[in-house]
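Here is what each chain is made of, one letter per residue.
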Amino acid sequence: MADQDARSGEDKRPTEIPVLRWEEPPEGPVLVLLDQTRLPTEEVELVCTDPAGLVEAIRSLAVRGAPLLGVAGAYGVALAAVRGFEVEEAAAALAGARPTAVNLAVGVRRAQAAHQEALARTGDAGQAASAALAAARAVHEEDARASARMAAHGLALLDELLPAGGHRVLTHCNSGSLVSGGEGTAFAVALAAHREGRLRRLWVDETRPLLQGARLTAYEAARNDMAYTLLTDSAAGSLFAAGEVDAVLVGADRIAADGSVANKVGSYPLAVLARYHHVPFIVVAPVTTVDPHTPDGASIEVEQRPGYEVTEVTAPQVAGAGGGIPVAPLGTQAYNPAFDVTPPELVTAIVTEEGVVSPVTSEALAELCARSRQVTIS
């Protein structure tokens, strides 16, 4: 009976979203991606047969999210090697496709290093390609494990900070299974709280201009039967003022050595609101998002996106010059940074698979990274 109940419980969970997978059809290996630009109205897959196609998928946000970009980048190097493209050239193009997301370059370098080492050792291109693919699969598996550990650490922190339970959590952008080899980063923590019956409400910022919250986080929340409410980004202050937010949970695309956090634009205002209203602002990200070579927030390269993303409203089913309907006069200039940077003094805690850093200091982050390397090596 216990086994039957367990199976019934498993059956109630949504079917796993096929975000990214490696396939080997007769015509040659490919990387298959869920096209996130078409969600939530359509679940359409893209098939990448070469590195250039993957670079375009990354730039167009068909595949996105820091951890998943690391996985995709590693598979991209393997794809280049297996299909006979110039690996070094492909690696450079992939690593530079989204400059702020450090995980992308980390994943690329790991598969590239495996390829170079095997080629130098054996002189065999086939063995080198196999080594790159093995490295990519390892990155994928490790990210899934990291996601589960982050969820556990994050839920424990929420319960510690909010002992009354019934958590009302505000999130920004998308940080669930669509950005990860597992169930995500910040969203995974909220999902863990939901499964334990401790999530009262998930507040979902729409996340303009590309609406990753409205299109993607709401999509994932609905699939998991979570209690969620969508709000415009500009309504967040009203929500804080009404006392309806117990904690803010966000992911990260790069964390500098001093603890400055680059995340989807709109995160920094939430951190300011959270500080004023005495609400915890929690960042959830794998250790690979911490970049010790970037000393501080001012050193983080912030990607600037096309202006039409602001001057037009886009939708999956709409086609046009920029893919959407104009909402501003022709010729209007737009300021459209993809990310903003939150200073460490506004971050209550950084949750990683190796544990929680709080307060956020350069020394604590350095110790965490050193411990992570020791665990990896052992």
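Everything quoted here is computed from the prediction, not taken from an experiment.

A. Region of interest: the overall build of the protein. Of the regular secondary structure elements, the protein holds 12 helices and 16 strands. The globule rule puts the C-alpha radius of gyration for 378 residues at 21 Å, and the 20 Å found for the protein is close to it. In terms of principal-axis extent, the alpha carbons of the protein reach across some 65 × 55 × 55 Å. In the protein, the proportion of contacts linking residues at least 24 apart, taken out of those at least 6 apart, comes to 74%. Accessible surface, the protein as shown: approximately 16,500 Å² in total, 53% of it carbon and sulfur. Taking the average place of the 29 positive charges on the side chains of the protein and the average place of its 47 negative ones, the gap between the two points comes to 3 Å.

B. Summary view of the UniProt feature "binding site: substrate" (unreviewed entry) in the protein. Under the present numbering, the feature "binding site: substrate" (unreviewed entry) in UniProt falls on Arg64, Gly65, Ala66, Arg98, Gln212, Asn263 and Lys264. Along the polypeptide, arginine 64 turns up in the loop between helix H2 (51-59) and helix H3 (66-82). Setting aside its immediate chain neighbours within four residues, arginine 64 contacts Gln36, Leu69, Cys173, Asn174, Leu178, Val179, Gln212 and Leu216. Of note is the side chain of arginine 64, whose polar atom sits 2.8 Å from the side chain of glutamine 36. Position of arginine 98 relative to the elements: it lies in the loop between helix H4 (87-95) and helix H5 (102-122). In this structure arginine 98 comes out as buried when scored by relative accessible area, which is 4%. Setting aside residues no more than four positions away along its own chain, arginine 98 makes contact with Ile58, Arg59, Leu61, Leu69, Leu104, Glu303, Arg305, Ala338 and Phe339.

C. Region of interest: the packing of aromatic side chains. Applying the stated criterion to the full structure yields one aromatic pair. Here tryptophan 22 and tyrosine 75 contribute two aromatic rings whose centre-to-centre distance is 5.9 Å and whose plane-to-plane angle is 20°, an arrangement assigned as stacked. Linking tryptophan 22 in strand E1 (residues 20-23) with tyrosine 75 in helix H3, this pair joins segments that are 53 residues apart in sequence. Considered together, tryptophan 22 and tyrosine 75 belong to a single accessibility category, that of buried residues. Lying across the ring of phenylalanine 339, lysine 264 places its NZ or CZ 5.0 Å from the centre.

D. Up close: a nonpolar patch on the surface. A cluster of nonpolar side chains, Val313, Ile325 and Val327, forms an exposed patch at the surface whose accessible area comes to about 260 Å². Relative to the assigned elements, isoleucine 325 resides in strand E13 (residues 324-326).

E. Structural detail: the UniProt feature "site: Transition state stabilizer" (unreviewed entry) in the protein. UniProt tags Cys173 as "site: Transition state stabilizer" (unreviewed entry). Leave out the neighbours within four places in its chain, and cysteine 173 touches Arg64, Thr207, Gln212, Gly213, Thr217 and Lys264.

F. Structural context of the sheet that holds strand E16 (residues 355-357). Pairing is mixed across the open sheet formed by seven strands, whose spatial order is E6-E5-E4-E7-E10-E15-E16. Whereas interior strands pair on both sides, the edge strands pair on one side only; in this sheet they are strand E6 (228-231) and E16. Within the sheet, the average angular offset between the axes of one strand and its neighbour, ignoring direction, is 25°. Relative to strand E7 (residues 247-250), strand E4 (residues 167-171) is paired through three bridges, and the arrangement is parallel. If you follow valine 169 over to E7, its bridge partner there is alanine 247.

G. Looking closely at the pairing of E1. Residues Leu20 and Trp22 of E1 are buried on one face, while the alternating residues Arg21 and Glu23, pointing to the opposite face, are not. Note that E1 and strand E2 (residues 30-34) share four bridges and pair antiparallel. By the bridge assignment, glutamate 23 is partnered in E2 with valine 30. Hairpin remark: E1 followed by E2, antiparallel, with six residues in the connecting loop; positive phi at glycine 28, about 130°.

H. Summary view of the nonpolar core. One finds Leu20, Leu31, Leu33, Leu54, Ile58, Val63 and Tyr75 to be the most contacted residues of the largest nonpolar core, which totals 42 residues. Listed by contribution, the elements that provide at least two residues to this core are E1, E2, H2, H3, H4, H5, helix H6 (125-161) and helix H8 (212-223). Counting residues per element, this core draws most heavily on H3, at 10 residues. With near-sequence residues (within four places) excluded, leucine 20 lies in contact with Leu31, Val32, Leu33, Leu68, Val71, Ala72, Tyr75 and His140.

I. Highlighting the side chain of asparagine 263. When you line up the elements, asparagine 263 lands in strand E9 (residues 261-264). Within the structure, asparagine 263 has its side chain in polar contact with the backbone nitrogen of alanine 252 (distance 3.4 Å). If we skip the residues at most four places from it in the chain, asparagine 263 touches Val250, Gly251, Ala252, Asp253, Ala338, Phe339 and Asp340.

J. Summary view of unusual backbone geometry. Arginine 208 connects to proline 209 through a cis peptide bond whose omega is 5°. Position of proline 209 relative to the elements: it lies in the loop between strand E5 (199-205) and H8. Across the junction of serine 358 and proline 359, the peptide omega takes the value 0°, indicating a cis bond. You can see proline 359 is positioned in the loop between E16 and helix H12 (362-377).

K. Focus on the pairing of E9. Across two bridges, the pairing between strand E8 (residues 254-256) and E9 is antiparallel. Looking at the pairing, isoleucine 255 lines up with valine 261 of E9. In this structure, the hairpin formed by E8 and E9 is closed by a connection of four residues, where glycine 259 is found at a positive phi of approximately 100°. As defined by bridge partners, E9 adjoins strand E14 (residues 339-342) across four bridges and the pair is classed as antiparallel. Bridging from a neighbouring strand, asparagine 263 pairs with aspartate 340 of E14.

Cut-offs applied
Residues numbered from 1 in each chain as written. Predicted model: local features only at pLDDT ≥ 70, side-chain atom pairs only at ≥ 80, totals over all residues. Heavy atoms only, no water. Helix = DSSP H or I, 4+ residues; strand = E, 2+ residues; numbered from the N terminus. Rg over C-alpha atoms; globule rule 2.2 N^0.38 Å. Contact = heavy atoms within 4.5 Å. Areas by Shrake-Rupley, 256 points an atom, 1.4 Å probe, with all protein chains shown as cover. Lys, Arg positive; Asp, Glu negative; His and termini not counted. Charge placed at Lys NZ, Arg CZ, Asp CG, Glu CD. UniProt positions renumbered as here; feature names shortened; annotations may be inferred. Polar contact = N/O pair within 3.5 Å; in protein donor to acceptor, adjacent residues only side chain to side chain. Buried < 20%, exposed > 50% of the residue type's maximum accessible area, 1.4 Å probe, protein only. Phe/Tyr/Trp six-rings, centres within 6.5 Å; stacked < 30°, edge-to-face > 60°. Lys NZ or Arg CZ within 6 Å of the ring centre and 35° of its normal. Patch = residues over 30% accessible without salt bridge, like charges linked within 9 Å, V, L, I, M, F, W, Y side chains within 5 Å. Salt bridge = Lys/Arg side-chain N within 4 Å of Asp/Glu carboxyl O. Pairing = 2+ DSSP bridges. Axes fitted to C-alpha atoms, helices over the stretch in contact; angles between N-to-C directions. Core = buried A, V, L, I, M, F, W, Y, C linked by side-chain atoms within 4.5 Å.

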